[in-house]
Amino acid sequence: MNNEEKNRPQNFIEEIIEEDLKAGKNGPGVHTRFPPEPNGYLHIGHAKSICLNFGLAAKYGGLCNLRFDDTNPEKEDVEYVDSIMEDVRWLGFQWHDRPYYASDYFGQLYDWAVLLIRKGLAYVCDMGPDEIAATRGTPTEPGRESPWRGRSVDENLDLFERMKKGEFPDGSKVLRAKIGMDSPNMHMRDPVLYRIKRAEHHRTGNDWCIYPMYDFAHGQSDYVEGITHSICTLEFEVHRPLYDWFLDHLAEEGRVRPRQIEFARLNLSYTVMSKRLLLRLVKEGHVKGWDDPRMPTISALRRRGCTPEAVRAFAAIIGVAKRDTVVDMALLDHCIREDLNRRSPRVMGVLDPLRLVIENYPDGRVDELEIANNPEEPAAGSRRVPFSRVLYIEREDFMEEPPRGFFRLAPGREVRLRGACLATCTGAVKDEAGNIVEVRCEWDPASLGGNAPDGRRVKGTLHWVSAAHAVKAEVRLYDRLFTCEDPYRAEEGKDFISNINPYSLKIVSAYIEPHVAGARPGERFQFERLGYFCVDPDTTDRRLVFNRTIPLKDSWAREAKKGR
RNA sequence: UGCCCGGUGGUGUAACUGGCAACACGUCUGGCUCUGGACCAGAAAUGUCUAGGUUCGAACCCUAGCCGGGCAGCCA
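Below, the structure is looked at part by part. (Residues numbered from 1 in each chain as written. Chains lettered and ligands numbered in written order. Predicted model: local features only at pLDDT ≥ 70, side-chain atom pairs only at ≥ 80, totals over all residues. Heavy atoms only, no water.)

## A word on the overall build of chain A
So, step 1. Along its length, chain A carries 14 helices and 25 strands.
So, step 2. If you line up chain A on its principal axes, its C-alpha atoms span 100 × 55 × 45 Å.
So, step 3. Within chain A, the fraction of its 564 residues that count as buried is 51%.
So, step 4. Taking the contacts inside chain A whose residues are at least 6 apart along the sequence as the reference set, 70% of them involve residues at least 24 apart.
So, step 5. As displayed, chain A offers around 26700 Å² of accessible surface, 47% of which is attributable to carbon and sulfur atoms.
So, step 6. For chain A, the separation between the mean place of its 82 positive charges and that of its 89 negative charges on side chains is 2 Å. (Helix = DSSP H or I, 4+ residues; strand = E, 2+ residues; numbered from the N terminus. Buried < 20%, exposed > 50% of the residue type's maximum accessible area, 1.4 Å probe, protein only. Contact = heavy atoms within 4.5 Å. Areas by Shrake-Rupley, 256 points an atom, 1.4 Å probe, with all protein chains shown as cover. Lys, Arg positive; Asp, Glu negative; His and termini not counted. Charge placed at Lys NZ, Arg CZ, Asp CG, Glu CD.)

Printed below as a string of structure tokens:
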């Protein structure tokens, strides 16, 4: 890719920005913001927005502000502020330790409200929520004007000040813009600017009993911070005329005016993305918390073992556009695998152990084998893995009567024990019930290391651990949280909860090679032939816990499925 | 049946702005392999919502229609 191509706009937002840059509209440069409301945990959809906003700033040499849109104290909390900061930081973006808060502008916003009143563009309305709703009209019929719409400027000024002082009960009065009740755009029908709400705010405490609405706060906050491009999701498209209306009446001549641009939020198959639904999953106990690895939250992705690089690669690959679409979860899976494959040291672990005894291997002998940590990355070095007479192999790697195309162990078959030797199966031992409890084999001592001197080949290579040396670990095998691509589509009378995958978590007791002993939470490995795994924070000195981040692709499983 | 937005292979995104519809994922086939992974090579995709129009030429511009999404919180 030559320079010209690399610098070409990648999406419609970059096109807009470059036009604005050319027209000299942005003053000093490009300035974006990521404006979460601290009322929940961030999810992969937010990651798309974070990567977009911070990425745009980086590309055009500008800044991106992290700004908490905290205008509704009833729903917001510092717990969420902290988690959001942690997530943004983890994703690899920084805001130079200058977080912004819409609540920092409460004073300015109040002054602007007073200014609108002075201009005759806002009034105090005594109607309650129900009345306001009843007089707003419908999308097809105009609303009715409030009886309080004609109050004088002085009366409005007095009443608004007394609202602020706390002279009126919650919900008894609001400040509304005077725009017109017949607008075809519902948001322009004298929208509420301020409401009375006696709630303790996580930052301003009890300083205020009136709080601005989103529409009155957002655009002006952008303006205060010198934001040039205010990027939000599609549902705010109809708010844009109001966003511009406030700025038309409040912005000063010659100062940078922000421009709102809308893009399609991320939808992912096999999961849900709304905060409300995610909250339900947590509250109703369908998952263990916001960071349960089955969740699409950033904290869950992190706990599961995804890297920030994988998430960023995903954000880049899905692109940015305006149509409402659903991205295939397989694309996220791909990005995770691609990244983990490059960086994960390999290790052997057995999830469903079956004893394998090497009959002609001396009892008590141990070979310390030198095995590469990552065959594709010599710099990753190697480790020593103990090999002995009694091993564990994966139960599904042995079949007494193998079907066509099964390359693993079966009576009379020779396979390779990864990094160790070639071994031929001599039989299996069963219990009274007929269950296979042990497999027996003979090894070829000349093949120590993995290859026979005579150059003969085997079709299968199995992972294994030495029974006497293995470390025991709890391994949490996660699968998709929902059984269908579109969990919202449920049977008559049921909701998305009915589409939860009952097998989304399977916990097994596994044997892992001793190399992983002492691994710290967050450490990642590839368990050869199985997938990528990450040490869970539940790990203690006495208990080792792994999460399966994602399985390796398994073409045999696919083949076996087809055969059925 | 008001207003706003959007329709490109199964999925997502492109098409140098009116000039051979491409890239990635997924799928399939073959190769290679001490991971049935990775990697390499290749294939299929009945793809520009429909109908008109402008034009030498339309995914792109115009008109009409169809389909999908959003909007009636003192939520954001």
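That shown, we press on.
## Quick look at the protein's contact with RNA strand B
So, step 1. Among the 72 residues in the neighbourhood of RNA strand B, the closest are listed as R323, R346, E376, G449 and Q526.
So, step 2. Within 4 Å of the protein, the contacting atoms of RNA strand B are drawn from sugar and phosphate to the extent of 63%.
So, step 3. Within the backbone of M127, an N or O atom sits 2.8 Å from a base nitrogen of RNA strand B.
So, step 4. Within the side chain of K553, a nitrogen or oxygen atom sits 3.3 Å from a phosphate oxygen of RNA strand B.
So, step 5. Of all the secondary structure elements, the ones that give two or more residues to the surface near RNA strand B are helix 6 (129–135), strand 6 (192–196), helix 12 (308–318), helix 13 (329–343) and helix 14 (555–563). (Near = heavy atom within 4 Å. Polar contact = N/O pair within 3.5 Å; in protein donor to acceptor, adjacent residues only side chain to side chain.)

## So, the sheet that holds strand 1 (residues 31–34)
So, step 1. As summarised here, the arrangement of the 3 strands in space is 1-2-3, forming an open sheet in which the pairing is parallel. Edge positions in the sheet fall to strand 1 and strand 3 (100–101), since each of these pairs with one other strand and no more.
So, step 2. Where strand 1 and strand 2 (residues 63–68) come together, 4 bridges link them in parallel fashion. For R33, the partnering residue across the bridge sits in strand 2 and is N65.
So, step 3. Contacts between helix 3 (residues 44–59) and the sheet are confined to strand 1 and strand 2, with strand 1 contributing the most and set at about 160 degrees to the helix.
So, step 4. In the packing of helix 8 (residues 214–225) onto the sheet, contacts are made with strand 1, strand 2 and strand 3, and the angle to strand 2 comes to roughly 140 degrees. (Pairing = 2+ DSSP bridges. Axes fitted to C-alpha atoms, helices over the stretch in contact; angles between N-to-C directions.)

## Digging into unusual backbone geometry
So, step 1. The phi dihedral of H96 falls on the positive side, at around 55 degrees, and the residue is not glycine.
So, step 2. When you line up the elements, H96 lands in the loop between helix 4 (78–91) and strand 3.
So, step 3. Backbone geometry at R529 places phi at a positive 70 degrees, although glycine is not the residue there.

## Here's the deal with helix 5 (residues 106–118)
So, step 1. When the terminal C-alpha atoms of helix 5 are compared, their 18 Å separation across 13 residues agrees well with the 18 Å that a helix rising 1.5 Å per residue should span.
So, step 2. For helix 5, the full list of buried residues reads F106, L109, Y110, W112, A113, V114, L116 and I117.
So, step 3. Count one or two residues on from helix 5 and you reach G120, which has phi positive near 75 degrees. (Expected span 1.5 Å × (residues − 1).)

## Looking at the sheet that holds strand 16 (residues 414–417)
So, step 1. The strand order 19-16-17-18-12-15-20 describes an open sheet built from 7 strands, whose pairing is mixed. Each edge of the sheet is formed by a strand with only one pairing partner; in this case those strands are strand 19 (461–462) and strand 20 (464–466).
So, step 2. When strand 15 (residues 390–394) meets strand 20, the two strands line up antiparallel, connected through 3 bridges. Bridge pairing in strand 20 links Y392 to V465.

## Focus on the pairing of strand 13 (residues 367–372)
So, step 1. Residues of strand 13 alternate between two faces, with D367, L369 and I371 buried on one and E368, E370 and A372 left unburied on the opposite face.
So, step 2. Of the pairings in the sheet, the one linking strand 13 to strand 14 (residues 382–387) comprises 6 bridges and is antiparallel in character. Bridge pairing in strand 14 links E368 to P386.

## Side note on the pattern of salt bridges
So, step 1. The tally for this structure, following the rule as stated, stands at 53 salt bridges.
So, step 2. Between K322 and E262 there is a salt bridge, and its shortest N-O distance comes to 3.9 Å. Of this pair, K322 sits in the loop between helix 12 and helix 13 while E262 sits in strand 9 (residues 259–263), and the two are 60 residues apart along the sequence.
So, step 3. If you follow the salt bridges from partner to partner, you end up with D291, R303, E474, R476, D536, D538 and R543 in one network. (Salt bridge = Lys/Arg side-chain N within 4 Å of Asp/Glu carboxyl O.)

## Quick notes on empty space enclosed by the protein
So, step 1. Inspection of the entire model under this criterion finds 1 cavity of 30 Å³ or more.
So, step 2. One number sums up the size of the largest cavity: a volume of about 30 Å³.
So, step 3. In terms of lining residues, the largest cavity is bounded by L63, C64, N65, L66, W95, H96, R98 and Y100.
So, step 4. Here the lining of the largest cavity takes 4 residues from strand 2, the largest share from any one element.
So, step 5. Considering only residue class, the lining of the largest cavity consists of 5 nonpolar, 2 polar and 1 charged. (1 Å grid on protein atoms, 1.4 Å probe; cavity = no way out; pocket = protein on both sides within 12 Å on 5 of 7 lines; lining within 4 Å. Points joined across faces, edges and corners; volume = space filled by probe spheres on them. Nonpolar A, V, L, I, M, F, W, Y, C, P; charged D, E, K, R; others polar.)

## So, the packing of aromatic side chains
So, step 1. A complete count under the given rule lists 24 aromatic pairs for this structure.
So, step 2. On the numbers, 4.0 Å between centres and 15 degrees between planes, the contact of F527 with F533 is stacked. A single burial state applies to F527 and to F533, both of which are buried.
So, step 3. Within the aromatic cluster, the residues linked to one another by ring pairs are F106, Y110, F160, Y194, W208, Y211, F216, W245 and F246.
So, step 4. Residue placement shows R255 over the ring face of Y223; its charged tip is 4.2 Å from the ring centre.
So, step 5. Sitting over the ring of W90, R302 keeps its end group 5.5 Å from the ring centre. (Phe/Tyr/Trp six-rings, centres within 6.5 Å; stacked < 30°, edge-to-face > 60°. Lys NZ or Arg CZ within 6 Å of the ring centre and 35° of its normal.)

## Considerations on the side chain of N185
So, step 1. Structurally, the position occupied by N185 is in the loop between strand 5 (174–177) and strand 6.
So, step 2. The buried category is assigned to N185, whose relative accessible area is 15%.
So, step 3. Side-chain polar atoms of N185 contact the backbone oxygen of V238, separated by 2.9 Å.
So, step 4. Here N185 is in contact with V238 and P241, once residues within four sequence places are set aside.

## Description of the packing of helix 8 against helix 9 (residues 240–250)
So, step 1. The interhelical angle for the contact between helix 8 and helix 9, taken along N-to-C directions, is 60 degrees, at an axis separation of 9 Å. In terms of axis orientation, helix 8 runs oblique to helix 9. The way helix 8 lies across helix 9 gives a crossing that is right-handed. Residues D215, F216, H218, G219, Q220, D222 and Y223 of helix 8 form the contact with helix 9, whose own contacting residues are L242, Y243, F246, L247 and L250. (Parallel < 35°, antiparallel > 145°, perpendicular 65-115°, else oblique. Left-handed = near helix turned anticlockwise from the far one by under 90°.)

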